[in-house]
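Results of the structural survey
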Amino acid sequence: MPKEITALDDRLYRYLLNNSLNEHPALLRLRKDTEKLPMSVLQIAPEQGQFMALLVRLMAARNILEVGTFTGYSALSMALAMADNGHIDTCDINREWTEIAQTHWRDAGVSERITLHLRPAMQTMEQMLDDGRDESFDLVFIDADKASYAAYYEASLRLLRTGGLVLLDNVLWKGKVADEQVNDPDTKALREVNTLIHNDERVDISMVPIGDGMTLARKR
């Protein structure tokens, strides 16, 4: 099978950014602040945030659920792309990181569009289902602990409307998912969820090599 993906070396990646990225000043400020943190690697790539914002606009998404907030770049990317009456529920357990997020959301003028749930995401998702919010979301973005990806995915399908989209980040996992010698719990969990989604007749899918790999699954 011929290789169809163009490898991105540093020069070509800079070209991509220079000819594609139109980063909002608020996003740039947040990205630069996050780069100072020891765990800055957890932040999505800027072109990934722009891609997600485009999906939000294409879908005219009004109700979004995010599993994994970190310092808020992905939530801010999507909030800036939403209509004024749109809303994002985002889940995390780290107060320090999410305080950074909330500061930047306020500075960008979109804090009223975002509700932070500071507790385990499955608790929030289960509560939403108990509250009758099944099939009420247009888009779900999953970027949290890898061991729970399958559980998050299943709950997402219940919360998504027909035609809604679930996005899963890190599905290529720096290439480790394709290395049979790597069998740590996170890598195994990602392999399992990738196989699950690939064979899932409830969705239409595409795995794309953006950032650390992202799967798009549209609920049928």
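See the structure above.
Remember, it's a predicted structure, so these values are computed and weren't measured experimentally. (Residues numbered from 1 in each chain as written. Predicted model: local features only at pLDDT ≥ 70, side-chain atom pairs only at ≥ 80, totals over all residues. Heavy atoms only, no water.)

**Some thoughts on the side chain of Asn-170**
- Within the fold, Asn-170 resides in the loop between β5 (160-169) and α8 (185-198).
- The residues contacting Asn-170, other than those within four sequence positions of it, are Asp-143, Lys-146, Tyr-149, Leu-190, Asp-212 and Gly-213. (Helix = DSSP H or I, 4+ residues; strand = E, 2+ residues; numbered from the N terminus. Contact = heavy atoms within 4.5 Å.)

**Overview of the pairing of strand β3 (residues 114-118)**
- As paired elements, strand β2 (residues 87-92) and β3 share five bridges and run parallel to each other. Residue pairing for β3: Asp-89 is matched across the bridge by Thr-115.
- With helix α5 (residues 95-108) bridging β2 and its parallel neighbour β3, the resulting β-α-β unit is right-handed. (Pairing = 2+ DSSP bridges. Right-handed = clockwise from strand over helix to strand, strands pointing away.)

**Looking at the pattern of salt bridges**
- One pass over the structure, following the stated rule, counts 13 salt bridges.
- As a salt-bridge pair, Glu-23 and Arg-31 come within 2.6 Å of each other at their nearest N and O atoms.
- Since its relative accessible area comes to 15%, Arg-31 is described here as buried.
- In this structure, Lys-36 and Asp-33 form a salt bridge, with 3.5 Å as the shortest nitrogen-oxygen distance.
- Note on Lys-36: relative accessible area 66%, which makes it exposed.
- Asp-33 sits in the partly exposed class, given a relative accessible area of 32%.
- Through salt bridges with shared partners, a single ionic network connects Glu-23, Arg-31, Lys-32 and Glu-35. (Salt bridge = Lys/Arg side-chain N within 4 Å of Asp/Glu carboxyl O. Buried < 20%, exposed > 50% of the residue type's maximum accessible area, 1.4 Å probe, protein only.)

**Regarding the nonpolar core**
- Counting residues in hydrophobic clusters, the biggest one holds 29 residues, and the most contacted among them are Val-56, Ile-64, Met-78, Leu-139, Phe-141 and Leu-167.
- Contributing elements (two or more residues each) for this core: α2 (25-34), α3 (46-59), α4 (73-81), α5, β4 (137-142), β5 and β7 (214-219).
- Here this core gets six residues from one element, more than from any other, and that element is α4.
- Setting aside residues no more than four positions away along its own chain, Ile-64 makes contact with Val-56, Met-78, Met-82, His-87, Ile-88, Asp-89, Phe-137 and Leu-139. (Core = buried A, V, L, I, M, F, W, Y, C linked by side-chain atoms within 4.5 Å.)

**Digging into the layout of surface pockets**
- Estimated volume of the second largest pocket: approximately 160 Å³.
- Every element with two or more residues in the lining of the second largest pocket is listed here: α3 and α4.
- Broken down by class, the residue content of the lining of the second largest pocket amounts to seven nonpolar, five polar and two charged. (1 Å grid on protein atoms, 1.4 Å probe; cavity = no way out; pocket = protein on both sides within 12 Å on 5 of 7 lines; lining within 4 Å. Points joined across faces, edges and corners; volume = space filled by probe spheres on them. Nonpolar A, V, L, I, M, F, W, Y, C, P; charged D, E, K, R; others polar.)

**Focus on a nonpolar patch on the surface**
- Taken together, Met-39, Val-41 and Leu-42 make up a surface patch of nonpolar side chains, about 270 Å² in accessible area.
- Counting through the fold element by element, Val-41 comes out in the loop between α2 and α3.
- With a relative accessible area of 62%, Val-41 lands in the exposed category. (Patch = residues over 30% accessible without salt bridge, like charges linked within 9 Å, V, L, I, M, F, W, Y side chains within 5 Å. Areas by Shrake-Rupley, 256 points an atom, 1.4 Å probe, with all protein chains shown as cover.)

**A closer look at the sheet that holds β5**
- Across the sheet, which stays open at both edges, the seven strands sit in the order β3-β2-β1-β4-β5-β7-β6 with mixed pairing between neighbours. At either end of the open sheet lies a strand with only one pairing partner, and these are β3 and β6 (203-208). Direction aside, neighbouring strands of the sheet carry axes that sit 15 degrees apart on average.
- Here six bridges tie β6 to β7, and the two strands are oriented antiparallel to one another. Following the sheet pairing, Asp-204 is matched in β7 by Arg-218.
- Contacting β1 (63-67), β2, β3 and β4, α4 runs over the sheet at an angle of about 170 degrees to β1. (Axes fitted to C-alpha atoms, helices over the stretch in contact; angles between N-to-C directions.)

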